[in-house]
Amino acid sequence: VWRDGIPVRNNLDVYGDAGTALTITGIVMDEACVPIENAVIEVWHADPTVLTASELNASVPSHSVDYDRSSDRYKYYGQFASDSQGRYTLQTKKPGWYLNGAQFRPAHIHMKVYVDGVERLTSQLYFDADPFIPSDPWASGAPDRAIALASIASGGLQGAFDIVVA
């Protein structure tokens, strides 16, 4: 659920919502592995949850999270630029799962990347070991977009994902 007017910020963990803190870092580069300075990265994702995947029940409406489709807060939406070496950092909460029909979608983050004002990539990032990846038609065909996450001392998770644009 992309929205026009996404605010400029790379820290989306500003609402006090329960859930797991998540930091993703990486480098934006071209196909020759040359870092791209000032690439604009737009991200958005569904609300976080405190439930684990094994606790989800499709018949319980509150187990399915949603997107902030219309508020002026733009919860879990942000855009930011890569630095002079193509690096970026995103701080947020790990998104929850939402129903697509009777099936939960894997947790994911939507992303658009612009270089010199031209949209160069639209994609979704997933997380390794999400049990809903095998049954999801988009995630199951994109194993290279599943991020390995590691626990950090503060109790959150961190992962890395390098973005390659054509």
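Trainee: If you had to explain the overall build of the protein to someone new, which residues and values would you point to?
Mentor: Counting its regular elements, the protein contains zero helices and 12 strands. Traced from its N-terminal end to its C-terminal end, the protein shows the element sequence β-β-β-β-β-β-β-β-β-β-β-β. For a compact globule of 166 residues, the expected C-alpha radius of gyration is about 15 Å, and the protein comes in at 16 Å, within 12% of that figure. Dimensions of the protein, computed from the C-alpha atoms along their principal axes, are close to 45 × 35 × 35 Å. Within the protein, buried positions represent 45% of all 166 residues. By sequence separation, contacts in the protein at least 24 residues apart represent 69% of the contacts at least 6 residues apart. Looking at the protein as shown, the accessible area adds up to about 8,200 Å², and 51% of this sits on carbon and sulfur atoms. One way to put it: in the protein the 12 positive side-chain charges average out to a point 5 Å from where the 20 negative ones average out.

Trainee: Please give an account of the nonpolar core that cites residues and values.
Mentor: If you look at the biggest cluster of nonpolar residues, it comprises 30 residues, and the most contacted ones within it are Ile24, Val28, Ile41, Val43, Tyr88, Val113 and Ile163. Residue assignment for this core shows that the elements contributing at least two residues are β1 (21-30), β2 (40-44), β4 (87-93), β7 (109-115), β8 (118-127) and β12 (163-165). The dominant element in this core, judged by the number of residues it contributes, is β7, at four residues. Contact partners of isoleucine 41, with chain neighbours within four places excluded, come to Val28, Gly78, Gln79, Phe80, Tyr88, Met111, Lys112, Val113 and Ile163.

Trainee: Give me the lowdown on the sheet that holds strand β3 (residues 77-81), citing residues and values where you can.
Mentor: Backbone-to-backbone hydrogen bonds pair the strands of a sheet. The strands run either parallel or antiparallel. Read from one edge of the open sheet, five strands run β3-β2-β7-β8-β9, paired in mixed fashion. Edge positions in the sheet fall to β3 and β9 (146-147), since each of these pairs with one other strand and no more. Two elements, β2 and β3, share five bridges in a ladder whose sense is antiparallel. Residue pairing across strands places valine 40 opposite alanine 81, the latter belonging to β3.

Trainee: With reference to specific residues and values, describe the side chain of glutamine 124.
Mentor: Mapping glutamine 124 onto the fold places it in strand β8. Overall, the relative accessible area of 15% leaves glutamine 124 in the buried class. Of note is the side chain of glutamine 124, whose polar atom sits 2.7 Å from the side chain of tyrosine 126. Not counting residues within four places of it along the chain, the set of residues in contact with glutamine 124 comprises Arg105, His108, Ile109, His110 and Arg145.

Trainee: Please provide a residue-by-residue account of the side chain of lysine 75, values included.
Mentor: Assignment of secondary structure puts lysine 75 in the loop between β2 and β3. Overall, lysine 75 belongs to the buried group, its relative accessible area being 16%. Within the structure, lysine 75 has its side chain in polar contact with the side chain of aspartate 17 (distance 3.0 Å). With sequence-adjacent residues up to four places away left out, lysine 75 is seen in contact with Arg9, Tyr15, Asp17 and Asp68.

Trainee: Can you tell me about the environment of phenylalanine 104, naming the residues and giving the values?
Mentor: Along the chain, phenylalanine 104 falls in strand β6 (residues 103-104). In sequence terms phenylalanine 104 and lysine 75 are 29 residues apart; their C-alpha atoms lie 21 Å from each other. When near neighbours in sequence (up to four residues on either side) are disregarded, phenylalanine 104 contacts Leu56, Asn57, Ala58, His63, Ser64, Trp97, Tyr98, Leu99 and Phe132.

Conventions we followed
- Every residue gets a number counted from 1 within its own chain, in the order that chain's sequence is written.
- Where local features are concerned, this predicted model is filtered to residues with pLDDT of at least 70; where side-chain atom pairs are given and counted, the filter is 80 or more; whole-chain, interface and lining totals use all residues.
- Note: side-chain values were computed over all heavy atoms of the structure, leaving out hydrogens and water.
- Helix and strand assignments follow DSSP, with helices taken as H or I runs no shorter than four residues and strands as E runs no shorter than two, numbered in order from the N terminus.
- Radius of gyration: C-alpha atoms only; globule rule: 2.2 Å multiplied by the number of residues to the exponent 0.38.
- For each residue, the accessible area found with a 1.4 Å probe, counting protein chains only, is set against the maximum for its type, and the residue is called buried under 20%, exposed over 50%, and partly exposed in between.
- Contact definition: two residues touch when any of their heavy atoms are within 4.5 Å.
- Here the Shrake-Rupley method, with its probe set to 1.4 Å, supplies the accessible areas, and only the displayed protein chains count as covering residues.
- Only four residue types enter the tally: Lys and Arg on the positive side, Asp and Glu on the negative side, with His and both chain ends excluded.
- Taken as the charge location is NZ of Lys, CZ of Arg, CG of Asp or CD of Glu.
- Nonpolar cores were defined as sets of buried Ala, Val, Leu, Ile, Met, Phe, Trp, Tyr and Cys residues, with membership established by side-chain atoms within 4.5 Å.
- By the convention used here, strands pair only if DSSP detects at least 2 bridges between them.
- What qualifies as a polar contact is a pair of N or O atoms within 3.5 Å, subject to a donor-acceptor requirement within protein and to the restriction that residues adjacent in sequence count only when both atoms come from side chains.

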